[in-house]
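Take a look at the letters that make up each chain.
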Amino acid sequence: MKRTNRLTLAAVLITGALTAACSPEVGSEEWCADMKDKPKGDWTANEATDFAKHCILG
C-alpha cells in the first residue's frame, strides 16, 4: 500500500473515531433532545424507529 493511501486511511479512521466519540448514545436524554431539534425530513428510518422506541414509548 502506498504511503499516501495509508495516510488517507489513517485520517479517515481517526476522523470517524472522533466523530463517534462525540455522539450521544442512542436513546439517551441528550440524543432524544438532539433528535427533537433535528428537522424530521433529515431523519433516517432507523433514527425515526429509535426515537419512537426510546423517546416516546420508552
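Residue positions are given per chain, counted from 1 along the sequence in the order it is written. Since the coordinates come from a predicted model, pLDDT governs what is reported: local features require at least 70, and pairs of side-chain atoms require 80 or more to be given and counted, while whole-chain, interface and lining totals use all residues. Side-chain measures here rest on the full set of heavy atoms in the structure, leaving out hydrogens and waters.

Points about the state of the cysteines
Using the following cut-off: When the sulfur atoms of two cysteines come within 2.5 Å, that pair is taken as a disulfide. Numbering of helices and strands runs from the N terminus, with a helix taken as a DSSP run of H or I at least four residues long and a strand as a DSSP run of E at least two residues long. Using a 1.4 Å probe on the protein chains alone, a residue whose accessible area is under 20% of its type maximum counts as buried, one over 50% counts as exposed, and one in between counts as partly exposed.
Per the stated rule, a full pass over the model turns up one disulfide. Each sulfur of the disulfide joining Cys 32 and Cys 55 lies 1.9 Å from the other. The sign of the -85 degrees torsion about the S-S bond sets the Cys 32-Cys 55 disulfide as left-handed. With a gap of 23 residues between them, Cys 32 in helix H2 (residues 29-37) and Cys 55 in helix H3 (residues 45-56) connect regions that are remote in the sequence. Under the relative-accessibility criterion, Cys 32 is labelled buried at 9%.

A short note on the packing of aromatic side chains
Rules: By convention, a stacked pair of Phe, Tyr or Trp rings (six-membered ring in the case of Trp) has centres within 6.5 Å and planes under 30 degrees apart, an edge-to-face pair has planes over 60 apart, and any other such pair is tilted.
A full pass over the atoms with the stated rule returns one aromatic pair. Measuring from centroid to centroid gives 4.9 Å for Trp 43 and Phe 51, while their planes differ by 55 degrees, and the two rings are tilted. Grouping residues by exposure puts Trp 43 and Phe 51 together as buried.

Thoughts on the side chain of Glu 47
Our working rule: Counted as a polar contact is a pair of N or O atoms within 3.5 Å, where, for protein atoms, one must be capable of donating a hydrogen and the other of accepting one, and residues adjacent in sequence contribute only when both atoms are in side chains.
Tracing the chain through its elements places Glu 47 in helix H3. In this structure the side chain of Glu 47 is engaged in a polar contact, spanning 2.9 Å, whose partner is the backbone nitrogen of Thr 44.

So, H2
So the rule is basically this: Here, the arc refers to the directions that run from the helix axis to the C-beta atoms. The criterion used for residue contact is that any of the two residues' heavy atoms lie within 4.5 Å.
Along H2, the residues that are buried comprise Trp 31, Cys 32 and Met 35. Across the axial projection of H2, the buried residues extend over an arc of 100 degrees, all falling on one side. Turned more than 90 degrees from where H2 packs its buried face, Glu 29, Glu 30, Lys 36 and Asp 37 sit exposed. Where the residues of H2 are buried, they touch H3.

Observations concerning the nonpolar core
As a rule of thumb, soluble globular proteins bury nonpolar side chains together. For clarity, the threshold we go by: Working definition of a nonpolar core: buried Ala, Val, Leu, Ile, Met, Phe, Trp, Tyr and Cys residues. They are joined through side-chain atoms within 4.5 Å.
In this structure, Trp 31, Cys 32, Met 35, Trp 43 and Phe 51 together form the largest nonpolar core, which totals five residues. Discounting residues that sit within four places of it in the chain, Trp 31 has contacts with Pro 24, Glu 25, Val 26, Glu 47, Asp 50, Phe 51 and Cys 55.

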